[in-house]
Amino acid sequence: AARMSLFRGSLGDSTRGAGGFEAELLGLTEGLNQMQGRSYLKTCSAVLGDARCRFATDHASYRLEQTIEAPSTGQVFTLTGAANFNAAWFEHGVLEVLTGAAAGLNGFIKSDVGAAERVITLWSPLNSPVAQGDLIRVTAGCDKRADTCREKFDNFLNFQGFPDIPGDDWLVSVPRSDQSNSGGSLLR
């Protein structure tokens, strides 16, 4: 009788660390926050290689398997022999650990810097260190822009975005007295 309900809902994502945990509280209206239907964005809504994208990333031009030469804490990796790939080729891609104690773990690539010797940095560290001699695979990344889809992957026919849709600035654009108002586009 001496208690009071302060919240109704459910638990979402939880993280553990530093002697405690954090849990996300999802209210009763969280079900209304789920995306319904299709989003109309300039960028692509598909994931590289999925059924809507239909691009096969298993080709040697988009994937590199290499043995780790120096141990890593699981967030920064140095690769040699990747000079055949353009600068930032693996940015937004995936790094997978194929052998060793961390086998089966993967992470998303934040940056890919360098040419002959590349430094790959993940957004967050893997849950296990990667030892010297472990085999990893890095797969090219997609930044979901139409130009990237066309030029890097030659897959524009399967692009799932709307690159020519006007942005938010179009909604508030008005004719200006210091420019020609010929009836054409205001977005120059």
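Coordinates for the structure precede this section.
Note that the structure is predicted; figures quoted are calculated from it, not measured.

For the structure on display, the rule yields 7 aromatic pairs. Here tyrosine 40 and phenylalanine 162 contribute two aromatic rings whose centre-to-centre distance is 4.8 Å and whose plane-to-plane angle is 45°, an arrangement assigned as tilted. Pair noted here: tyrosine 40 is in the loop between strand 2 (20–27) and strand 3 (63–67) and phenylalanine 162 is in the loop between helix 1 (146–151) and helix 2 (168–172), with a separation of 122 residues, a long-range link. The exposed category is assigned to tyrosine 40, whose relative accessible area is 53%. Look at tyrosine 62 and phenylalanine 153: their rings are 5.4 Å apart centre to centre, the planes differ by 25°, and that puts the pair in the stacked class. Residue tyrosine 62 is located in the loop between strand 2 and strand 3, and its partner phenylalanine 153 is located in the loop between helix 1 and helix 2; the two are separated by 91 residues in the primary sequence.

The backbone of alanine 88 shows a phi angle near 60°, a positive value even though the residue is not glycine. Look at alanine 88 and you get partly exposed, because its relative accessible area is 30%. The phi angle at histidine 92 is positive, at roughly 75°, despite the residue not being glycine. Here histidine 92 is to be found in the loop between strand 4 (76–80) and strand 5 (94–97).

The next subject is the state of the cysteines. Enumeration over the complete set of coordinates arrives at 0 disulfides. Sulfur of cysteine 44: no disulfide; nearest cysteine sulfur belongs to cysteine 149 and is 6.1 Å away. There is no disulfide at cysteine 53, and the cysteine sulfur nearest it, in cysteine 149, is 6.3 Å away.

Time to look at a nonpolar patch on the surface. Taken together, the side chains of Met4, Leu6, Phe7, Leu11 and Leu25 make up a nonpolar region of the molecular surface, amounting to roughly 630 Å² of accessible area. Structurally, the position occupied by leucine 25 is in strand 2. Residue classification places leucine 25 among the exposed positions, given a relative accessible area of 54%.

Below, the discussion takes up the environment of aspartate 134. Its place among the elements puts aspartate 134 in the loop between strand 7 (117–122) and strand 8 (135–139). Looking at aspartate 134, the relative accessible area reads 9%, which means it is buried. Along the primary structure aspartate 134 and threonine 67 are separated by 67 residues, whereas in three dimensions their C-alpha atoms are 5.5 Å apart. Sequence-distant contacts of aspartate 134, defined by excluding residues within four places in its chain, comprise Gln66, Thr67, Ile68, Thr99, Gly100 and Ala101. Of the polar contacts made by the side chain of aspartate 134, one reaches the backbone nitrogen of alanine 131; its length is 3.0 Å.

Moving on: the nonpolar core. Buried together is how nonpolar side chains tend to be arranged in soluble globular proteins. Of all hydrophobic cores here, the largest spans 29 residues; its most connected members are Phe77, Phe90, Leu95 and Val130. The set of elements that each furnish at least two residues to this core consists of strand 4, strand 5, strand 7, strand 8 and helix 1. Residues contacting phenylalanine 90, with those up to four places away along its chain left out, are Tyr62, Leu64, Phe85, Ile109, Asp112, Arg118, Ile120, Val138, Thr139, Ala140 and Gly141.

In terms of residue burial, strand 1 (residues 9–17) counts as a barely covered element, since only 0 of its 9 residues are buried. Both strand 1 and strand 2 contribute to a ladder of 7 bridges, which runs antiparallel. Bridging from a neighbouring strand, glycine 17 pairs with glycine 20 of strand 2. Counted between consecutive antiparallel strands, the loop separating strand 1 from strand 2 contains 2 residues, among which alanine 18 sits at a positive phi close to 50°.

About the cut-offs
- Residues numbered from 1 in each chain as written.
- Predicted model: local features only at pLDDT ≥ 70, side-chain atom pairs only at ≥ 80, totals over all residues.
- Heavy atoms only, no water.
- Phe/Tyr/Trp six-rings, centres within 6.5 Å; stacked < 30°, edge-to-face > 60°.
- Helix = DSSP H or I, 4+ residues; strand = E, 2+ residues; numbered from the N terminus.
- Buried < 20%, exposed > 50% of the residue type's maximum accessible area, 1.4 Å probe, protein only.
- Disulfide = S-S within 2.5 Å.
- Patch = residues over 30% accessible without salt bridge, like charges linked within 9 Å, V, L, I, M, F, W, Y side chains within 5 Å.
- Areas by Shrake-Rupley, 256 points an atom, 1.4 Å probe, with all protein chains shown as cover.
- Salt bridge = Lys/Arg side-chain N within 4 Å of Asp/Glu carboxyl O.
- Contact = heavy atoms within 4.5 Å.
- Polar contact = N/O pair within 3.5 Å; in protein donor to acceptor, adjacent residues only side chain to side chain.
- Core = buried A, V, L, I, M, F, W, Y, C linked by side-chain atoms within 4.5 Å.
- Pairing = 2+ DSSP bridges.

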